[in-house]
Amino acid sequence: MAVRSTVLLSLAAAFAPLAQAQTTPSSAPVTSSSKSDAPIPNPPRNLIVPDRGKLLLTGGFSDVDGAGGGGLVPWALITGYGTEDSYGFNGHYTQVNLREFELRTYGVGIGIADRVEISAARHDFEVTGAALEGLEVSQDIFGLKVRVAGDAVYGQDTWLPQLALGAEFKRHRGIGNAGELTSPRQLGATDEDGVDLYLSGTKVFLAQSLLLNVTLRHTKANQFGLLGYGGDVNDSGKFNLETTVGYMLTRKLALGGEYRQKPRSLGVDDEGDAWDLFVAWAPNRHVSVVAAYVNLGSILGPATTVDRDQTGSYLSVQFGY
Amino acid sequence: MKPITLMRSLFAACLLAASLGWATQAQAEETLFAQIGGEPKLRASVDKLVEIMLVDERINFTFADTDIDKFKSLLYDQLCELTGGPCKYLGRDMIESHKKLNTTNEQFNALAEDLYKAFDEVGVPYRVQNRVMALLAPMQPQVVDKIPAKE
């Protein structure tokens, strides 16, 4: 009888023709009509509607530059919950409140076939304390990421991580509310705009419930690009390391930490490395929240006469489909 | 003096490595099958999984033609053997059993998600659930893309 029970197992067992679709298997007819070895076509899919097929948490979050990743670091994971057979998109808003500064970032991202990610984000940065109170800086970031090898989740039997190459094109929108100061060039930056290139390797160690990410970034960006690119100290760019370690507490909740080097190219800025400790929550495939304690290092210490580390809160909300 | 310090560090490192090795070995003595809770818990998990997947509209229609009791029994055998339990899976391999199907990644992941939920309901700890998933996840190329297993 129905013993051709195809599947013996595994995740995702068998898929019979749509014609036989039914939700009450108890009354499943035993058919002997399908003895043929001809392939069974899958039900027609609506390619317009995202499949939302990835497992929770594996869609990643939106990092500070709008790329799929953690809080400060882009991962090799392609943003959204679309699998190789589909796509997914999302929008996010992130609020970072530091001791003397505030950073608001928002943007959108789309992941196509779990292969290509395109993102756009805006940074609005404001001095909320210290000498330059009221000063505003803004920039746009366009991101492109391509997965080049491996699968972070399925590849449990290999050491190869998921690898992705990414680029972030950043366009400065000027400095406001600062009198004569309107461009980061006046602070010593060589350029207002710039491009970051990175290689990310991400692996989920399921047996240990761990996520590990290492990113190597080539950048000239001063303070994420908010203070322009290159400078008097270094003008050729630097290779910086970034890393994320996450521990999955449940299917929907992870905690961890991140570290991101910054290039320190401007003489007037004592730019320090950034790190955070985060809690990430994905109650379903449409919403995720990341809350973190963040330290962006010192920002413009000499100019603001505040050279302590800029610590504070990071809260990011992402909605997706 | 320095070489001696180095020797001591090396010795300490060896001790540490040895004890770590011992610890892992001791842990390895308890099979994943036992960590799940042996036959009662695994059978309950499989029963629960089938209950959940049959109301999961992403995949339930695909079991319309399946002998559910036989499916349960084979799935139990496979998970039991995979996790180091005293069983032998005698069903077909994953390519053969999915040969006539166009399993999508969404469907593959849907069953994984249902298994997570089943383990939750039966009370298998999340860390242990993930260890089982680590053994199942590499089957994706066989089930979805029909690529033969390595080795």
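Residues numbered from 1 in each chain as written. Chains lettered and ligands numbered in written order. Predicted model: local features only at pLDDT ≥ 70, side-chain atom pairs only at ≥ 80, totals over all residues. Heavy atoms only, no water.

> Outline the overall build of chain A, listing residues and values.
Regarding its fold elements, chain A presents one helix and 14 strands. Burial statistics for chain A: of 321 residues in total, 56% are counted as buried. When contacts within chain A are restricted to residue pairs at least 6 apart in sequence, long-range pairs at least 24 apart make up 61% of them. Here chain A has roughly 12700 Å² of accessible surface; of this, 63% comes from carbon and sulfur atoms. (Helix = DSSP H or I, 4+ residues; strand = E, 2+ residues; numbered from the N terminus. Buried < 20%, exposed > 50% of the residue type's maximum accessible area, 1.4 Å probe, protein only. Contact = heavy atoms within 4.5 Å. Areas by Shrake-Rupley, 256 points an atom, 1.4 Å probe, with all protein chains shown as cover.)

> Please set out the state of the cysteines residue by residue, giving values where relevant.
Residues and elements named next belong to chain B. What the rule picks out here adds up to one disulfide over all chains. There is a disulfide in this structure between Cys 80 and Cys 87, and the S-S distance comes to 1.9 Å. Torsion about the S-S bond of the Cys 80 and Cys 87 cystine: about 75°, corresponding to right-handed handedness. (Disulfide = S-S within 2.5 Å.)

> Hey, could you go over the pattern of salt bridges for me, with residue numbers and the actual values?
Under the counting rule described, the total for this entry stands at 28 salt bridges over all chains. Linking B:Arg58 and B:Glu113 is a salt bridge whose minimum nitrogen-to-oxygen distance equals 3.0 Å. One end of the pair, B:Arg58, is in the loop between α3 (38–53) and α4 (68–82); the other, B:Glu113, is in helix α6 (residues 105–122), with 55 residues separating them in the sequence. A relative accessible area of 5% places B:Glu113 in the buried class. A single network of salt bridges, built from pairs that share partners, joins A:Asp65, A:Glu168, A:Lys170, A:Asp196, A:Arg217, A:Glu242 and A:Arg260. (Salt bridge = Lys/Arg side-chain N within 4 Å of Asp/Glu carboxyl O.)

> Just give me the short version of the nonpolar core, but keep the residues and values in it.
Residues A:Leu72, A:Leu296 and B:Met53 are the most contacted members of the largest nonpolar core, which totals 87 residues. Broken down by element, the residue count for this core peaks at nine residues, all from α6(B). (Core = buried A, V, L, I, M, F, W, Y, C linked by side-chain atoms within 4.5 Å.)

> Would you mind going over the confidence of the model for chain A in detail, with residue names and values included?
Per-residue confidence for chain A gives a mean pLDDT of 87, with 87% of residues at or over 70. Contacts from residues 1–36 of chain A, a stretch scored under 50 in pLDDT, to residues over four places away or in other chains number 104 contacts. (pLDDT = per-residue confidence, 0-100.)

> Outline the sheet that holds strand β6 (residues 136–149) of chain A, listing residues and values.
Pairing between the strands of a sheet comes from backbone hydrogen bonds, and it takes one of two forms, parallel or antiparallel. Pairing is antiparallel in the closed barrel, where 12 strands are placed in the order β3-β4-β5-β6-β7-β8-β9-β10-β11-β12-β13-β14 (chain A). The mean angle between the axes of side-by-side strands here comes to 20°, regardless of whether they run parallel or antiparallel. (Pairing = 2+ DSSP bridges. Axes fitted to C-alpha atoms, helices over the stretch in contact; angles between N-to-C directions.)

> Go over α6(B), please, and point to the residues and values.
Taking 1.5 Å per residue, 18 residues should reach 26 Å; α6(B) reaches 26 Å between its end C-alpha atoms and fits that length. Of all 18 residues in α6(B), 15 are buried; the element is thus mostly enclosed. (Expected span 1.5 Å × (residues − 1).)

> Any chance you could break down α4(B) for me, citing the residues and the numbers?
Side chains of residues three or four places apart in an α-helix project in the same direction, reflecting 3.6 residues per turn. All names here are of chain B. Along its 15 residues, α4 runs 21 Å from first to last C-alpha, staying within 8% of the 21 Å computed at 1.5 Å per residue. Along α4, the positions that sit buried rather than exposed are Ile 68, Phe 71, Leu 74, Leu 75, Tyr 76, Gln 78, Leu 79 and Cys 80. Where α4 begins, the capping side chain belongs to Asp 67, and its oxygen is found 3.2 Å from the backbone nitrogen of Asp 69. Gly 84 lies just past α4 and shows a positive phi near 90°. (Polar contact = N/O pair within 3.5 Å; in protein donor to acceptor, adjacent residues only side chain to side chain.)

> Tell me about the packing of α3(B) against α4(B), and please be specific about residues and values.
Residue and element names in this part refer to chain B. The N-to-C vectors of α3 and α4 enclose an angle of 135°; their axes lie 10 Å apart at closest approach. The pairing of α3 with α4 is recorded here as oblique in orientation. The hand of the α3/α4 crossing is right-handed. Residue-level inspection shows Glu 39, Leu 42, Arg 43, Val 46, Asp 47, Leu 49, Val 50 and Met 53 of α3 in contact with α4, the latter providing Ile 68, Phe 71, Lys 72, Leu 75, Tyr 76, Leu 79 and Cys 80. (Parallel < 35°, antiparallel > 145°, perpendicular 65-115°, else oblique. Left-handed = near helix turned anticlockwise from the far one by under 90°.)

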